[in-house]
Amino acid sequence: MALTGIQIFKMTPKKNCKECGCPTCMAFAMKVAQGALEISKCPHMSDEALAELSEATAPPMKTIKVGAGENEYSLGGETVLFRHEKTFVSKTRYAVSLCTCMDDAAVDAKLAEIQKVDYDRIGERMHVEMIYVNYEDGADKDRYVEMVKKAAALGRTLILGCKDVEVAKAALEVCKDGKPVLNGATAANYAAMSEVATAAGVVLGVAGADLNETYDTVAALEKAGNKNLVIDATGTSVKEAYANAVQIRRASVKDQDRTFGYPTIVNVAALAHGDRTLQQALASLFTVKYGSIVVMETLDYAEALPLFGLRQNVFTDPQKPMKVEPGIYPLNGADENSICLTTVDFALTYFVVSGELERSGVPCNLIISDAGGLSVLTAWAAGKLSSTSVANYIQENVEGKVKSRKLVIPGKVAVLKGDIEAKLPGWEIIVAPLEAVQLVKFLKDLTA
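So, how was this worked out
Positions within a chain are numbered from 1, following the residues in the order the chain's sequence is written. Totals for whole chains, interfaces and linings use all residues, but because this is a predicted model, local features are given only for residues with pLDDT of at least 70 and pairs of side-chain atoms are given and counted only at 80 or more. Calculation of side-chain values draws on the structure's entire complement of heavy atoms; hydrogens and water are dropped beforehand. Whenever a helix is involved, its axis is fitted only over the stretch in contact; in every case the axis is a line through C-alpha atoms, and angles between N-to-C directions fall within 0 to 180 degrees. Only DSSP runs of H or I reaching four residues or more are called helices, and only runs of E reaching two or more are called strands; each is numbered from the N terminus. Note that the term roughly parallel is reserved for angles under 35 degrees, roughly antiparallel for angles over 145, roughly perpendicular for angles of 65 to 115, and oblique for everything else. In this scheme the handedness of a crossing depends on how the near helix is turned from the far one: anticlockwise by less than a right angle means left-handed, clockwise means right-handed. When checking whether two residues touch, look at their non-hydrogen atoms; a contact exists if any pair is within 4.5 Å. Amino acids are sorted into nonpolar (Ala, Val, Leu, Ile, Met, Phe, Trp, Tyr, Cys and Pro), charged (Asp, Glu, Lys and Arg) and polar (every other residue, Gly among them). Two rings from Phe, Tyr or Trp (for Trp, the six-membered ring) form a pair when their centres sit within 6.5 Å of each other. Planes less than 30 degrees apart are called stacked, planes more than 60 degrees apart edge-to-face, and all others tilted. Exposed residues in this analysis have more than 50% of their type's maximum accessible area, buried residues have under 20%, and partly exposed residues fall in between, with area computed by a 1.4 Å probe over protein chains only. The criterion for a charge sitting over a ring is simple: Lys NZ or Arg CZ within 6 Å of the ring centre, and within 35 degrees of the ring normal. Any carboxyl oxygen of Asp or Glu within 4 Å of a side-chain nitrogen of Lys or Arg constitutes a salt bridge here. One requirement defines pairing of two strands: DSSP has to find at least two bridges between them. Residues belong to a common nonpolar core when they are buried Ala, Val, Leu, Ile, Met, Phe, Trp, Tyr or Cys residues joined through side-chain atoms within 4.5 Å. Start and end positions for the domains come from either an automated domain assignment or a database one.

At a closest axis distance of 10 Å, the pairing of helix 11 (residues 276-288) and helix 12 (residues 301-314) adopts a crossing angle of 15 degrees. In this view, helix 11 runs roughly parallel relative to helix 12, as classed from their interaxial angle. Seen from above, helix 11 lies across helix 12 with right-handed handedness. In contact with R276, Q279, Q280, A283, S284, T287 and V288 of helix 11, helix 12 contributes A302, E303, P306, L307, L310, R311 and V314. Of the residues contributing to the contact of helix 11 with helix 12, the split by class is 7 nonpolar, 4 polar and 3 charged.

In C-alpha cells:
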C-alpha cells in the first residue's frame, strides 16, 4: 500500500542536507509520497530503509520493458485511473498483426505497408512500433519461424502470439535478441511457457477464459518467480475486452492489487473481424482506456494520423506545458545574414511554423523566446509575449550572433510592431501572415 509523507519521513535520516534538492527531509518525504521524486534521490538513506521504501512507494502497476536498443519501450508504471488526476506514464504502442493463415504474398504486402507509415509530429516519430505474429493451431512450425524472421528483419519489436510451447521455443531462437513478447501463457500451459520465456529472457503474455482464470494464472506465475508479464485482456467480445481492461486497471491502481498490476494487450484485430471502421474506433477506445499494446489488422496513413494525434494528446503531462528550448534555430542552411523570424516556445506552434519555413526552402533564423509554453495569443494575453520581452531577448541573445536586421513577428500580434521598432532601433519589423500555411509564399515573395 502507498505510504503517507509522515510514514516516509520517519524512515529518512533527517539530516536536512538539501542534497536531494528539497529544503528539508519532510519536504522530500512529501514529494516522494506524491510520486514527484524517487526515494533513491536521498544519498543518505540506509540500504534497509531504501529497500523497504522502494517496494512500498513503487507504482501499483509494474513497469515492463519490451524490445531492445532503439526499439525498447516501457509499458505500464501507471498510478492513476484518469489523466487529469496526475498523468499517464507509458504511452500505448501499436502493433500490426500477421498470421499463419495468410499466404506469403499477403505477408510480404503487409510488411511493406507497415514501413510506409513513418513520420514526425511535434518532434515525435510516429510509426508502427510492433508486429504481432500469430500462430494458428496446426499450422506449419517452420513456416511460422520463417514468418517471424521476416517480421524481425523490419527492426520492430515483435509479439509472438503462440500457445504451442515447442513452436514458441523455435520462434524465440530466431528473435530473442530483440526481446519480443511471448503472448501464449494460459491456465493449461503457463508453467512450460514461463520456462521458455524465462530461458529466452523475454516478457510473457498471460490470458484466461475469464478474468478469474487470468488472475489465478498470473498469481501462479508470480509464485513461481516470474513477474516479467503482460496481461492479454482481449476476451471474446468488445464488451468483455472493455470490461477486462477497466477492471484490471481499477484493481491495480485503486484497489492496490498487485497481481493485476501489469500492462495489458488488447487485440482489436480479433474483435473487429475485418471491419476497419470498427477497428479504428476500438483502437481509439483502448488508447484512452488502458491498452498498453493495441494490436490492429492494418494501420495505414488514414488510420495512423488521427490515432497517433489522439495518443500524443492523451499521453502528455497536463501539469507541464509542451515547450521547446528558447534559442536561434537556423533553417534551410541559414547563416548570420539570413532573415529572422520569431514566435513563442509552445511546441505545437514551433513545429508547425518550422515545418512551413523548411517547406519554403528560404534560409532563415527562427528565434524562439520564453513564453511559458503558451500559444501566441495566449502568451500575448498573459503578458508573456510583449514588445519588451521580444526586444530584450533580441538584444541579449540575438544581436551579437546575427547580422541581419530584419525581424518577422507573428501576424496575430501585429499590434506590437510599432513598440518593437521603437525598442529595437536599426531593426526592420515585418508582420507575418495570420496562418502558418501562408508563410511559404510570404517568405518567397519577401526574399525575391
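Let us now look at the packing of aromatic side chains. Each aromatic ring pair is described using two quantities: the centre-to-centre distance and the angle formed by the ring planes. Taken as a whole, this structure holds 8 aromatic pairs when the rule is applied. Ring geometry for F88 against F315: centres 5.8 Å apart, planes inclined by 45 degrees, an arrangement best described as tilted. Placement of F88 in the loop between strand 2 (73-76) and strand 3 (93-99) and of F315 in the loop between helix 12 and strand 13 (327-331) is noted, with a sequence separation of 227 residues between them. Ring centres 6.3 Å apart and planes at 65 degrees place the aromatic pair Y119 and F308 in the edge-to-face group. Of this pair, Y119 sits in strand 4 (residues 118-121) while F308 sits in helix 12; the two residues are 189 residues apart in sequence, bridging distant segments of the chain. Neither residue differs from the other here; Y119 and F308 are each classed as buried. Sitting over the ring of F9, K14 keeps its end group 5.3 Å from the ring centre.

This next bit is on the pattern of salt bridges. A pair can form between side chains of opposite charge whenever their charged atoms are brought close. Inspection of the entire model under this criterion finds 20 salt bridges. The shortest N-O distance in the salt bridge between E336 and K403 comes to 3.1 Å. Here K403 lies in the loop between helix 15 (387-398) and strand 16 (406-409) and E336 lies in the loop between strand 13 and strand 14 (339-343), a separation of 67 residues in the sequence. Residues E421 and K417 are paired through a salt bridge, measuring 3.0 Å at the closest nitrogen-oxygen approach. Of the two residues, E421 and K417 both sit in helix 16 (residues 417-423), 4 residues apart, roughly one turn of that helix. By relative accessible area, K417 is classed as partly exposed at 28%.

Attention now moves to the packing of helix 9 (residues 238-253) against helix 11. For any two helices packed against each other, the geometry is given by the interaxial angle and the distance between the axes. Between helix 9 and helix 11, the least distance of the axes is 11 Å, while the angle of their chain directions is 15 degrees. As judged from the angle between their axes, helix 9 and helix 11 are roughly parallel. Taken as a pair, helix 9 and helix 11 cross one another with a handedness that is right-handed. Contacts between helix 9 and helix 11 involve V238, A241, Y242 and A245 from the former and L282, L285 and F286 from the latter. Residue composition of the contact of helix 9 with helix 11, by class: 7 nonpolar, no polar and no charged.

Okay, the sheet that holds strand 13 next. Taken in spatial order, the 5 strands make up an open sheet running 13-15-14-16-17, and their pairing is mixed. The sheet is open, and its two borders are formed by strand 13 and strand 17 (428-431), each paired with just one other strand. Strand-to-strand twist in this sheet, taken as the mean axis angle between neighbours without regard to direction, amounts to 30 degrees. Here 5 bridges tie strand 13 to strand 15 (residues 364-368), and the two strands are oriented antiparallel to one another. Across the sheet, residue P330 finds its bridge partner in strand 15, namely N365. Contacting strand 13, strand 14 and strand 15, helix 13 (residues 347-360) runs over the sheet at an angle of about 175 degrees to strand 15. Contacts between helix 15 and the sheet are confined to strand 13, strand 15 and strand 16, with strand 15 contributing the most and set at about 120 degrees to the helix.

Moving on: the nonpolar core. With 84 residues, the main nonpolar core has I131, Y144, L160, L182, F286 and L299 as its most contacted residues. Once residues lying within four places of it in the same chain are set aside, the contact partners of L160 are V133, Y144, V148, A171, L172, C175, V181, L182 and N183.

Partitioning the protein chain into domains gives domain 1 (5-57), domain 2 (63-314) and domain 3 (327-447). Of note, the centres of domain 1 and domain 3, computed from C-alpha atoms alone, are 45 Å apart.

Taken together, the 8 strands give a closed barrel; going around it, the order is 3-6-7-8-9-10-11-12, and neighbouring strands pair in parallel fashion. Ignoring strand direction, the axes of neighbouring strands in this sheet form an average angle of 25 degrees. Sheet topology places strand 8 (residues 181-185) next to strand 9 (residues 203-206); 4 bridges connect them, and they run parallel. When the sheet's bridge partners are listed, L182 is paired in strand 9 with L204. Along the sheet, helix 11 contacts strand 3, strand 11 (264-267) and strand 12 (293-296); its crossing angle with strand 12, the most-contacted strand, is approximately 175 degrees.

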